[in-house]
Amino acid sequence: METEILIVEDESAIARFVSLELEHEGYKTKCVADGREGLEEALNKNYDLIILDVMLPSLNGIEVLRRLRQAKATPVIILTARDQVMDKVGGLDLGANDYMTKPFAIEELLARIRANLKKNIPRDGAKNAHTLGKLSVDTDARKAAYDGEAIDLTKKEFDLLVFLLENRNIVISRERALDAVWGFDFYGNTNAVDVYIRYLRAKIDNVFKIDLIETVRGAGYVIRE
Ligand code: CA
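Residues numbered from 1 in each chain as written. Predicted model: local features only at pLDDT ≥ 70, side-chain atom pairs only at ≥ 80, totals over all residues. Heavy atoms only, no water.

### Section: the packing of helix α7 (residues 155-166) against helix α9 (residues 191-208)
Two elements in contact, α7 and α9, have axes separated by 10 Å at closest approach and are oriented at 90 degrees. As the angle between them shows, α7 and α9 are arranged roughly perpendicular. Mapping the contact onto sequence places K156, E157, L160, L161 and L164 in α7 and V193, Y196, I197, Y199, L200, K203 and I204 in α9. For the contact of α7 with α9, the per-class residue count stands at 9 nonpolar, no polar and 3 charged. (Axes fitted to C-alpha atoms, helices over the stretch in contact; angles between N-to-C directions. Helix = DSSP H or I, 4+ residues; strand = E, 2+ residues; numbered from the N terminus. Parallel < 35°, antiparallel > 145°, perpendicular 65-115°, else oblique. Contact = heavy atoms within 4.5 Å. Nonpolar A, V, L, I, M, F, W, Y, C, P; charged D, E, K, R; others polar.)

### Section: the coordination of the calcium ion
For the calcium ion, the full set of protein donor atoms is D10 (OD), D53 (OD) and M55 (O), and the range of their distances to it is 2.1 to 2.3 Å. Considered as a linear motif, the donors of the calcium ion on their single chain read D-x42-D-x1-M. Here D10 is found in the loop between β1 (4-8) and α1 (12-24), whereas its partner M55 is found in the loop between β3 (49-53) and α3 (61-69), with 45 residues between them in sequence. (Donors = N, O, S within 2.8 Å, 3.2 Å for Na, K, Ca; no water.)

### Regarding the side chain of K72
Its location among the elements puts K72 in the loop between α3 and β4 (76-81). Comment: no salt bridge for buried K72; closest opposite-charge side chain is E166, at 7.7 Å. There is a polar contact of 2.8 Å between the side chain of K72 and the backbone oxygen of K45. Engagement of the side chain of K72 in a polar contact is seen with the side chain of N46, the distance being 2.9 Å. When near neighbours in sequence (up to four residues on either side) are disregarded, K72 contacts A42, L43, K45, N46, N167 and R176. (Buried < 20%, exposed > 50% of the residue type's maximum accessible area, 1.4 Å probe, protein only. Lys, Arg positive; Asp, Glu negative; His and termini not counted. Salt bridge = Lys/Arg side-chain N within 4 Å of Asp/Glu carboxyl O. Polar contact = N/O pair within 3.5 Å; in protein donor to acceptor, adjacent residues only side chain to side chain.)

### Things to note about the sheet that holds strand β9 (residues 149-151)
Pairing is antiparallel in the open sheet, where 4 strands are placed in the order β6-β7-β8-β9. Lying at the two open borders of the sheet, with one neighbouring strand each, are β6 (129-132) and β9. On average, each strand axis in the sheet is inclined to that of its neighbour by 20 degrees, with strand direction left out of account. Here strand β7 (residues 135-138) pairs with strand β8 (residues 143-146) via 4 bridges, running antiparallel. Considered in β8, the bridge of V137 is made with A144. Along the sheet, α7 contacts β6, β7 and β8; its crossing angle with β7, the most-contacted strand, is approximately 110 degrees. (Pairing = 2+ DSSP bridges.)

### Structural notes on the packing of α7 against helix α8 (residues 174-182)
As a packed pair, α7 and α8 sit with axes 10 Å apart at the nearest point and diverge in direction by 125 degrees. By the criterion of interaxial angle, the relationship of α7 to α8 is oblique. Two packed elements cross with a definite hand, and for α7 against α8 that hand is right-handed. Contacts between α7 and α8 involve K156, D159, L160 and F163 from the former and R176, A177, A180, V181 and W182 from the latter. Its residues assigned to classes, the contact of α7 with α8 comprises 6 nonpolar, no polar and 3 charged. (Left-handed = near helix turned anticlockwise from the far one by under 90°.)

### Remarks on the confidence of the model for the protein
Across the protein, pLDDT averages 86, with 87% of residues at or above 70. Scored below 50 in pLDDT, residues 121-127 shows 6 contacts in the model against residues more than four places distant or in partner chains. (pLDDT = per-residue confidence, 0-100.)

### A few points about the packing of aromatic side chains
Across all of its chains, the model carries 2 aromatic pairs by this definition. Between the aromatic rings of Y196 and Y199, the centroid separation amounts to 5.0 Å while the plane-to-plane angle is 75 degrees, which identifies the pairing as edge-to-face. Taken together, the positions of Y196 and Y199, both in helix α9 and 3 residues apart, correspond to about one turn of that helix. Note on Y199: relative accessible area 39%, which makes it partly exposed. (Phe/Tyr/Trp six-rings, centres within 6.5 Å; stacked < 30°, edge-to-face > 60°.)

Here you go:
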């Protein structure tokens, strides 16, 4: 599977340079030059790692990190200028996994990326197999089962279930589910999410007499641990 790295950096020369180096190493990259846009991108897609500048237009990196951490544990490497020591401290307090002081050697950044991706391996491993109580989902084989009994799901049902499991304990809005499962192009109708939640409940909750998927009124859906 491809490793995707989000680069949130408004200095286009740095962003381009880092992106080229990372692509050369075989990573897939996406560059965003604005804090708010970077946050949206990080929330809507599942990046393996994020490189985050501190001084950014519209929302600074520390604030991006703070908001991201309310929803996700994606590894974040903060880029700071040499004199932004307070940001460094603040960033680590807020859950940055690492930081680099600009200017930096690209070899060092690559080494930190490798180290932080490795730390993340248990979570990557867990990506391929989700279990929750008696429910087990194997994303490689694309199979789901409850207490050993196979659950027959369509592609979209399966993808939606996996997305909810990957984000367990986080309330997922219809818009986020739509973006994640149907893609950004599908700006049809958020009712699609409700319809597919009903399908999942018919095949899982109703059959096995459990309350797997919870509706949070006005907010969306959540699978809780
Ligand atoms: Ca900057």
